[in-house]
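# Report on the structure
Here are the chains, one letter per residue:
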2 protein chains.
Amino acid sequence: MSSTPARRLNYDNINPHVKAAQYAVRGELAVKSEEYRAKIAKGDLDGLPFKQVISANIGNPQQLDQKPITFFRQVLSLLEHPKLLEHEDVLLNQLGYKSDVLDRAKWLLKNVGSVGAYSASNGVPAIRQSIADFLERRDGFPANQADIYLSGGASSGVNTILHIICADANSGILVPIPQYPLYTASLSVLNAKCVPYHLDESKNWGTDLDTIKASYEKAVAEGVDVRAIVIINPGNPTGASLPEEDVRGVLEFARQARLVVIADEVYQTNVFVGQFHSFKGVLRKLQQENPDGRYDGIELASLHSVSKGMVGECGHRGGYFELVNFDPKVQAEIYKFVSITLCAPVIGQCLVELMVNPPKEGEPSYELYRQEYDGIYDSLRERATALYEAFKQMEGVECAEPQGSMYLFPTVTIPPKAVEAAREANRTPDEFYCLRLLEATGVCLVPGSGFGQKDGSQHFRTTFLAPGTEWVGRIIEFHKGFMDQYR
Amino acid sequence: MSSTPARRLNYDNINPHVKAAQYAVRGELAVKSEEYRAKIAKGDLDGLPFKQVISANIGNPQQLDQKPITFFRQVLSLLEHPKLLEHEDVLLNQLGYKSDVLDRAKWLLKNVGSVGAYSASNGVPAIRQSIADFLERRDGFPANQADIYLSGGASSGVNTILHIICADANSGILVPIPQYPLYTASLSVLNAKCVPYHLDESKNWGTDLDTIKASYEKAVAEGVDVRAIVIINPGNPTGASLPEEDVRGVLEFARQARLVVIADEVYQTNVFVGQFHSFKGVLRKLQQENPDGRYDGIELASLHSVSKGMVGECGHRGGYFELVNFDPKVQAEIYKFVSITLCAPVIGQCLVELMVNPPKEGEPSYELYRQEYDGIYDSLRERATALYEAFKQMEGVECAEPQGSMYLFPTVTIPPKAVEAAREANRTPDEFYCLRLLEATGVCLVPGSGFGQKDGSQHFRTTFLAPGTEWVGRIIEFHKGFMDQYR
């Protein structure tokens, strides 16, 4: 008997750039929390000090309490099974469908064809036009459907844009810290350079131009070919909603440094303080205010998605990006790149259309839509505020006022004894804290190190999507015990 | 007035590996055919010698004639709008839903939760189990749900697998020629090496081990680190369905050369001659027959999808891959990689479940399902045969008998005068032929050069999905005129 031949692939010989990527949002703690959840689902509570897992680690609204918006789902049901449209009376009189649901489904079927067919690589033309119309309404400036690309969630759009921009290992992208780890992970896989710039926690996690400039100049001095800047607005994980002044500042800096602007605006409707200022809208205003054309060279890619906001349909993987002022030859390469994976999920594309073109006042589905939309918005704001109030009362915890997105990102001052215990456990202090919290309460957070944070500071990110306040109480109680143990 | 500042990105400074990628299936001819289609849709037939565009360039069944399978779509409609389940009597008595449709929808909703929520990164556990059960029934050998990864179509699965295997620019993958250009395009983007091996046209496009070995040895002699071999069975673009002997031969070669086997089996139900032999099933048989363990070291990744077969639901972007004998540490990296883009579309995952677990004999939806399934199968076979008969009669055209998949890939002997005209037009002869065909008939094919072919030979790929025979007549007529002009 010969021994089993060795495998061809092992940890030491696979793609090192994939190995280098980090993605804590779905990392060790998330996996552990799913194991707890499976254990509880089997009725096995042995040795567990909690009866329920709270997944506050990921912005996954419909996994928790958020209900889908009825109008959206009614239309999607008809797109999946168009034969239902042969029974209009039943739909209208017995099943609660309104006439505008039927009209929209028919319009989409006419323009999309079967949702089971591939669409054009960049998305269904009529849906791109509907998005362009939405952008025009939102910003007050024209948008061109030919510059819009449907994508499988915003993540796949980011992947496309970074693939085009990064030419080699020396290409650098300015990425905010803390950041959503999609950016650093994608840059690792691409073997390009992440050029981190810190957001200003003292100013509600706003952008600080001096800091950005310093990061840029340091990278350039090191020979990095810095090509673009990423801004997440409203912020993830920070929850910051940028004032117009910050957006202007970033665009001005991008102009001076000749950087492509990548604006991740998936939380554009999750804004509680002030209002959302789109990069596209502010750029067009700057162009209008400066007829010398100095802003006309800026390239902007802005992203949106059905995953967040009051839509919350992450599982459908719908999204799009709009390109402003990209070279047509570069756009042709983007088109080819997206065509290799054929097209974004077509039912997700339809959901994008519904998101950007919801029922209007006076239309039959409007009232219910408004009620559902506002209900979700208000409830998110209430939960954010309740969580914020709880954090304010916790020893050594400081948290910026909730402004937007679905997250709070408080600082925790972890006592030296706990830092020491973490070191002994071969953990960073924030990891140690979050792991202990998970084991004690079933609440899953993401340690700040998963997003990046200033050296020596400790944070965690929590969504405020989970219903009720009982789980917040669990965090408060755990925190008190933790501090008592290690103070 | 200053002039507009130059853009940061231009064709010369973006990612050269994206530029190097080629993807003819959705290339210039496809774009041109869509322009014709848009022109015709506007009622503008000016100067067009045809009234209809036939997209025979891409395996997109539902864009053409293929209807979705009722059971699948009924279940999906309920998943999209679960409130319909509050009206069971209406569904059953007025809308044509059967009780097993409702049961399946409830089961999926129980196990998936909302289709609007992210699932686990590797897919919904219950769906992975259902796939494992299917594989066990299909192959007669156990399958483990932990080795199954849901993906957004097979394309995204291929992207994942190649990302892990290719460690640097010297990593090589054996790819059949002709091939589906996803492989060469993905390897270009990854900046890894495609090691081409030719299929044997004289043996119905089967695998020829001597040819594979010669390609492998040549690459190794050039210093390439050859790591894996791709097999597409049934073949795309060739339509070949491999006999068990060929599958065994490839596995034996993979064992000797220590290659990971990537089996693209998305056409596994599109088989007209003989039967489908899965790589997993044949590998397990080889292991059983050889208790010395010599086959135990082979790593296999096999892919499947809802896009092809009698399902034909490409727009839903559903698929999966199964890993056999991969190192757990390598699998952990695969899990992390797929988690960066969060999860495959959840409604597409549900469609995978329906595909692998369709209604069984005796269940209420079975009869209609069987009828629809067989109708599609028979009609595809009839169309393939009709097209094959037509090609047999065309001067200078030779075509292998249709065996499987959705394509025919005939050889065309293009007369020297036409080759000369092509050169003058700065085209390859097959491109020239297909472009002229499109302009004359509205039928869009893909030139053989888009898939690779032996030097000096000319082919084209056509799907046999389009209904009717009128378009086949158009090809025959064009071909006659083309030959008369250039003979």
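Residues numbered from 1 in each chain as written. Chains lettered and ligands numbered in written order. Predicted model: local features only at pLDDT ≥ 70, side-chain atom pairs only at ≥ 80, totals over all residues. Heavy atoms only, no water.

## Re the overall build of chain A
Assigned secondary structure in chain A consists of 17 helices and 14 strands. For 487 residues, the compact-globule formula gives about 23 Å, and the C-alpha radius of gyration of chain A, at 24 Å, lands near that figure. Projecting the C-alpha coordinates of chain A onto the three principal axes gives extents of approximately 70 × 65 × 60 Å. For chain A, with 487 residues in total, the buried portion stands at 64%. In the form shown here, chain A has an accessible surface area of approximately 17,700 Å², with 49% of it arising from carbon and sulfur atoms. Between the centroid of the 49 positive side chains of chain A and the centroid of its 60 negative side chains there is a distance of 4 Å. (Helix = DSSP H or I, 4+ residues; strand = E, 2+ residues; numbered from the N terminus. Rg over C-alpha atoms; globule rule 2.2 N^0.38 Å. Buried < 20%, exposed > 50% of the residue type's maximum accessible area, 1.4 Å probe, protein only. Areas by Shrake-Rupley, 256 points an atom, 1.4 Å probe, with all protein chains shown as cover. Lys, Arg positive; Asp, Glu negative; His and termini not counted. Charge placed at Lys NZ, Arg CZ, Asp CG, Glu CD.)

## Quick notes on the interface of chain B and chain A
Contacts between the two partners involve 101 residues from chain B and, on the opposite side, 100 residues from chain A. Interface area, chain B with chain A, both sides summed: about 8,400 Å², of which 56% is carbon and sulfur. Run the count over chain B and chain A and you get four salt bridges. With a closest N to O distance of 2.8 Å, Arg-8 of chain B and Asp-225 of chain A form a salt bridge. Remark: the boundary between chain B and chain A carries 53 residue pairs in polar contact (both at pLDDT 80 or more). Elements represented by at least two residues in the side of chain B that touches chain A include exactly helix H1 (16-20), helix H3 (70-80), helix H7 (153-165), helix H8 (182-190), strand S5 (225-232), helix H12 (328-340) and helix H13 (346-356) of chain B. The dominant element in the side of chain B that touches chain A, judged by the number of residues it contributes, is H12 of chain B, at nine residues. (Contact = heavy atoms within 4.5 Å. Buried area = accessible area lost by both parts, 1.4 Å probe. Salt bridge = Lys/Arg side-chain N within 4 Å of Asp/Glu carboxyl O. Polar contact = N/O pair within 3.5 Å; in protein donor to acceptor, adjacent residues only side chain to side chain.)

## Brief notes about the UniProt feature "domain: Aminotransferase class I/classII large" (unreviewed entry) in chain A
With numbering matched to this structure, UniProt assigns "domain: Aminotransferase class I/classII large" (unreviewed entry) to residues 113-469 of chain A. Taken end to end, residues 113-469 of chain A is 42% helix and 16% strand, and its two terminal C-alpha atoms sit 46 Å from one another. (UniProt positions renumbered as here; feature names shortened; annotations may be inferred.)

## Side note on the relation of the copies chain B and chain A
Screw-axis analysis of chain B against chain A gives a translation of 0.0 Å along the axis, an RMSD of 0.0 Å, and a rotation angle of 180°. Both chain copies can therefore be described as sitting about a two-fold axis. Among all C-alpha atoms of chain B, that of Ser-77 of chain B lies closest to the rotation axis, at 2.1 Å. (Least-squares fit on C-alpha atoms with pLDDT ≥ 70 in both.)

## Notes on unusual backbone geometry
Residue Pro-178 of chain A is bonded to the preceding Ile-177 of chain A through a cis peptide linkage, with omega at 0°. By secondary structure assignment, the location of Pro-178 of chain A is in the loop between strand S3 (171-177) and helix H8 (182-190). The amide bond that connects Asn-236 of chain B to the next residue, Pro-237 of chain B, takes the cis arrangement and shows omega of 10°. Note that Pro-237 of chain B resides in the loop between S5 and helix H10 (244-257). You will see that Asn-204 of chain A, though not glycine, has its phi angle at about 55°, which is positive. With respect to the helices and strands, the residue Asn-204 of chain A is situated in the loop between strand S4 (193-198) and helix H9 (209-221).

## What about the sheet that holds strand S10 (residues 407-408) of chain B?
All names here are of chain B. Taken together, three strands build an open sheet; the order of strands is S10-S14-S13 and the sheet is antiparallel. In this open sheet, the two strands that pair with only one neighbour each are S10 and strand S13 (446-447). One ladder, built from two bridges, connects S13 with strand S14 (residues 460-463); its direction is antiparallel. Within S14, the residue paired with Pro-447 across the bridge is Phe-460. (Pairing = 2+ DSSP bridges.)

## A word on helix H5 (residues 99-112) of chain A
Note on helix geometry: an α-helix contains 3.6 residues per turn, so any two residues three or four positions apart are oriented the same way. All names here are of chain A. With 14 residues, H5 should cover 20 Å at 1.5 Å per step; its first-to-last C-alpha distance of 20 Å lies within 8% of that length. All buried positions along H5 are accounted for by Asp-100, Val-101, Leu-102, Arg-104, Ala-105, Leu-108, Leu-109 and Val-112. Buried-residue contacts for H5 involve helix H3 (70-80), helix H4 (88-93), helix H6 (125-139) and helix H13 (346-356). (Expected span 1.5 Å × (residues − 1).)

## With respect to the pairing of strand S6 (residues 260-264) of chain A
Residues and elements named next belong to chain A. Taken across its five residues, S6 has five buried, putting it largely inside the fold. Taking every second residue as pointing to the same face, both faces of S6 are buried, with Val-260, Ile-262 and Asp-264 on one and Val-261 and Ala-263 on the other. For strand S5 (residues 225-232) and S6, the ladder comprises five bridges, and the chain directions are parallel. From the neighbouring strand, Val-230 faces S6, where its bridge partner is Ile-262. Where the polypeptide runs from S5 across helix H10 (residues 244-257) and back to S6, its parallel neighbour, the crossover connection is right-handed. With four bridges joining them, S6 and strand S7 (residues 300-305) adopt parallel strand pairing. Counted as the bridge partner of Ala-263 is Ser-302 from S7. A crossover links S6 with its parallel partner S7, the connecting element being helix H11 (residues 279-289), and its sense is right-handed. (Right-handed = clockwise from strand over helix to strand, strands pointing away.)

## Comments concerning the sheet that holds strand S14 (residues 460-463) of chain A
Sheet architecture is open: three strands sit in the order S10-S14-S13 (chain A), paired in antiparallel fashion. Edge positions in the open sheet fall to strand S10 (407-408) and strand S13 (446-447) of chain A, since each of these has one partner strand only.

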